[in-house]
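# Results of the structural survey
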Amino acid sequence: MFRPWEFKDLMGISLLEKDLFPGTAWTFQMLADSFHSGKFYGVVCEEDGLIVGYGGVTFGVEDAEIDNIGVREVYRGEGIGKTILGQLVKKAKEKKMNRIFLEVRVSNTPAMLLYLHHGFHGLYTRPRYYPDGEDAVVMVREFL
Ligand SMILES: CC(C)(COP(=O)(O)OP(=O)(O)OC[C@H]1O[C@@H](n2cnc3c(N)ncnc32)[C@H](O)[C@@H]1OP(=O)(O)O)[C@@H](O)C(=O)NCCC(=O)NCCS
């Protein structure tokens, strides 16, 4: 079941975030601040009360940014990531955003393919963007 984030989801999301992004995970407080910012939309995928996937997008004046997207390892390859991303993109379009940006590790082929198949393209790299020294690729999808 896919549905918008609720406050009660934040602990589960932050634990999953910690598993999926060791060293760069958003903390509970960061997630809560985004959730309450009034500029945020998040989607979770829940199965039998367990959060198995989540994603969030923050809206600026004209552009949006995908903050995070993740799927529990055993649930991958079933279309959950694709559905979450599709819902975030749909919301950004409804909010009349011009573009939607994200950053992805250069080594993260599954995520990069997911984004490429959803109309994103690479813009430039941010050298040594991550704490372990890996570069990020900045990707964008333009709605204009
Ligand atoms: C990236 C991630 C969210 C994809 O979630 P998922 O539910 O497995 O993805 P889906 O099953 O919806 O697949 C969507 C597309 O992603 C790509 N993809 C997913 N897994 C892939 C893999 N192992 N190898 C290559 N491409 C893959 C494919 O293009 C796929 O589309 P297709 O099935 O039409 O070929 C998931 O791998 C994940 O949580 N990774 C760890 C966290 C992470 O890296 N998040 C992104 C940070 S920028």
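These notes cover the structure that comes with them. The structure presented is a predicted model; accordingly, all values stated were derived computationally and were not measured.

## Remarks on the site of the ligand
Close to the ligand lie 19 residues, the nearest being Arg76, Gly81, Lys82, Pro110 and Leu114. Looking at the shell around the ligand, the elements with two or more residues in it are β4 (63-71), α3 (80-94) and α4 (109-116). When residues of the shell around the ligand are assigned to their parent elements, the largest contribution, five residues, is made by α4.

## Some thoughts on the environment of Glu142
Within the secondary structure layout, Glu142 lies in strand β7 (residues 136-142). When the C-alpha atoms of Glu142 and Val44 are compared, they prove to be 24 Å apart, with 98 residues separating the residues in sequence. Ignoring sequence-local partners within four residues, the contact set of Glu142 consists of Asn98 and Arg99.

## Quick word on the nonpolar core
In this structure, Ile84, Leu88 and Ala92 are the most contacted members of the largest nonpolar core, which totals 30 residues. Taken together, the elements giving at least two residues each to this core come down to α1 (10-20), β2 (40-47), β3 (50-59), β4, α3, β5 (99-105) and β7. When residues in this core are grouped by element, the largest group, six residues, is from α3. The contact partners of Leu88, leaving out residues within four places of it in the chain, are Tyr41, Val43, Gly55, Val57 and Ile66.

## Notes on the pairing of β4
One ladder, built from seven bridges, connects β3 with β4; its direction is antiparallel. Within β4, the residue paired with Val57 across the bridge is Ile66. Two successive antiparallel strands, β3 and β4, enclose a turn made up of three residues. Relative to β5, β4 is paired through three bridges, and the arrangement is parallel. Pairing of Ala64 across the sheet is with Ile100, part of β5. With respect to chirality, the unit in which β4 leads through α3 into the neighbouring parallel β5 is right-handed.

## As for unusual backbone geometry
Although it is not a glycine, Asp48 adopts a positive phi angle of roughly 50 degrees. When you line up the elements, Asp48 lands in the loop between β2 and β3. The class of Asp48 is exposed, set by 6 C-beta atoms lying within 10 Å. The backbone phi angle of Lys96 is positive, close to 60 degrees, even though this residue is not glycine.

## Some words on the environment of Val104
Counting through the fold element by element, Val104 comes out in strand β5. On the neighbour-count criterion, Val104 (21 C-beta atoms within 10 Å) is buried. Counting along the chain gives 25 residues from Val104 to Gly79, while the straight-line C-alpha distance between them is 19 Å.

## Observations concerning the sheet that holds β4
As summarised here, the arrangement of the seven strands in space is β1-β2-β3-β4-β5-β7-β6, forming an open sheet in which the pairing is mixed. Strands with a single pairing partner mark the edges of an open sheet, and in this sheet they are β1 (2-4) and β6 (121-126). Geometrically, the sheet is characterised by an average inter-axis angle of 25 degrees between neighbouring strands, direction not taken into account. Relative to β7, β5 runs antiparallel, the two sharing seven bridges. Paired with Val104 across the two strands is Val137, which belongs to β7.

Rules used throughout
- Residues numbered from 1 in each chain as written.
- Predicted model: local features only at pLDDT ≥ 70, side-chain atom pairs only at ≥ 80, totals over all residues.
- Near = placed C-beta within 6 Å.
- Helix = DSSP H or I, 4+ residues; strand = E, 2+ residues; numbered from the N terminus.
- Contact = placed C-beta atoms within 7 Å.
- Core = buried A, V, L, I, M, F, W, Y, C linked by C-beta atoms within 7 Å.
- Buried ≥ 20, exposed ≤ 12 C-beta atoms within 10 Å, placed from the backbone.
- Pairing = 2+ DSSP bridges.
- Right-handed = clockwise from strand over helix to strand, strands pointing away.
- Axes fitted to C-alpha atoms, helices over the stretch in contact; angles between N-to-C directions.

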